[in-house]
Amino acid sequence: MELIHENYEEFKIAFKKIVERTISYFDVSGEEPERFYHGLILGMVVGLSKKYIVKSNREAGYGRADVILIPKEKKEPGIIFEFKKHYIKEGDLKNSAEKGIKQIEEKGYEEEIKSYGIEKIIKVAIAFDKKNVEILIK
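Since the model is a prediction, treat every value here as computed from it, not as a measurement. (Residues numbered from 1 in each chain as written. Predicted model: local features only at pLDDT ≥ 70, side-chain atom pairs only at ≥ 80, totals over all residues. Heavy atoms only, no water.)

Enquirer: When you look at the packing of helix 1 (residues 8-22) against helix 2 (residues 34-45) in this model, what are you seeing that I'm missing?
Expert: The relative placement of two packed helices comes down to the angle between their axes together with the axis-to-axis distance. Following both chains from N to C, one finds helix 1 and helix 2 inclined at 120°, their axes separated by 12 Å at the closest point. Judged by the angle between their axes, helix 1 and helix 2 are oblique. In terms of crossing hand, the pair formed by helix 1 and helix 2 is right-handed. Side by side, helix 1 and helix 2 meet where F11, F15, I18 and V19 of the first sit next to Y37, L40, I41 and M44 of the second. Its residues assigned to classes, the contact of helix 1 with helix 2 shows eight nonpolar, no polar and no charged. (Axes fitted to C-alpha atoms, helices over the stretch in contact; angles between N-to-C directions. Helix = DSSP H or I, 4+ residues; strand = E, 2+ residues; numbered from the N terminus. Parallel < 35°, antiparallel > 145°, perpendicular 65-115°, else oblique. Left-handed = near helix turned anticlockwise from the far one by under 90°. Contact = heavy atoms within 4.5 Å. Nonpolar A, V, L, I, M, F, W, Y, C, P; charged D, E, K, R; others polar.)

In structure tokens form, the structure reads like this:
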């Protein structure tokens with residue numbers, strides 16, 4: 001996965017292509033479209049289970065992180081994913097993604113990874129409006 005090697009732009013491009021080419025508008029409509037993106041990321045990271053502990057919807061810090069990847073090797077980065085459905089009142093998709101990064105930081109989701117002695121943590125917020133996606137990585 002490009003994120004592990006800090007190829008952030010490649011990850012963004014690849015993820016957007018996957019969304020554009022493979023999913024249907026109907027996949028991400030309904031009352032809980034966040035679940036679809038959640039499942040998509042889980043499907044993408046399942047292959048990392050030899051190198052990472054994958055946690056989904058687990059309590060971390062002062063909230064519940066969507067997906068956390070904790071490396072089994074301390075030299076590798078930990079990764080936190082937060083998914084945000086975009087609402088028009090929030091402005092543009094980038095604002096919604098910024099809200100996801102802010103949530104990761106304010107809720108202290110990185111504490112779960114730090115408890116394993118991991119220092120490098122990559123924070124990923126994926127905001128979406130149907131098939132339109134904005135990704136912020138910090």
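Enquirer: What's the story with the nonpolar core in this structure? I'm lost.
Expert: Here is a general trend for soluble globular proteins: nonpolar side chains tend to be buried in one another's company. The biggest cluster of nonpolar side chains holds 25 residues, and the ones touching the most others in it are L3, F11, F15, I41, F81, V124 and I126. Of all elements in the fold, only helix 1, helix 2, strand 2 (63-71), strand 3 (78-85), strand 4 (121-129) and strand 5 (132-137) reach the threshold of two or more residues within this core. Ignoring anything within four residues of it in the chain, the contact list for F81 reads L3, F11, I41, V45, D66, V67, L69, V124 and I126. (Core = buried A, V, L, I, M, F, W, Y, C linked by side-chain atoms within 4.5 Å. Buried < 20%, exposed > 50% of the residue type's maximum accessible area, 1.4 Å probe, protein only.)

Enquirer: What's the story with the sheet that holds strand 5 in this structure? I'm lost.
Expert: Strands belonging to one sheet form pairs held by backbone hydrogen bonds; the direction of such a pair is parallel or antiparallel. Taken in spatial order, the five strands make up an open sheet running 1-2-3-4-5, and their pairing is mixed. For this open sheet the edge positions go to strand 1 (52-60) and strand 5, each flanked by a neighbour on one side alone. Within the sheet, the average angular offset between the axes of one strand and its neighbour, ignoring direction, is 20°. Relative to strand 2, strand 1 is paired through eight bridges, and the arrangement is antiparallel. If you follow S56 over to strand 2, its bridge partner there is V67. Against the sheet, helix 1 touches strand 3, strand 4 and strand 5, its axis set at about 160° to strand 5. (Pairing = 2+ DSSP bridges.)

Enquirer: Would you mind showing me how to read helix 3 (residues 93-106) here?
Expert: Helix length check: helix 3, at 14 residues, gives a terminal C-alpha distance of 20 Å against a target of 20 Å (1.5 Å per residue), a fit within 8%. Every buried residue belonging to helix 3 is among L93, S96, A97, G100, I101, Q103 and I104, and all of these are buried. For helix 3, the angular spread of buried residues about the axis comes to 155°, placing them on one side. Here the buried face of helix 3 lies against strand 3, helix 4 (110-114), strand 4 and strand 5. The first or second residue beyond helix 3 is G108, which carries a positive phi of 65°. (Expected span 1.5 Å × (residues − 1). Arc of directions from axis to C-beta.)

Enquirer: Honestly, the packing of aromatic side chains in this entry has me stumped. Any pointers?
Expert: The geometry of an aromatic ring pair is captured by two quantities: the separation of the ring centres and the angle between the planes. Applying the stated criterion across every chain, the model contains three aromatic pairs. On the basis of an interplanar angle of 10° and a centroid distance of 6.4 Å, the ring pair of F81 and F83 is categorised as stacked. In this structure, F81 and F83 share a single accessibility class: buried. (Phe/Tyr/Trp six-rings, centres within 6.5 Å; stacked < 30°, edge-to-face > 60°.)

Any functional reading would require information that these geometric values do not contain.
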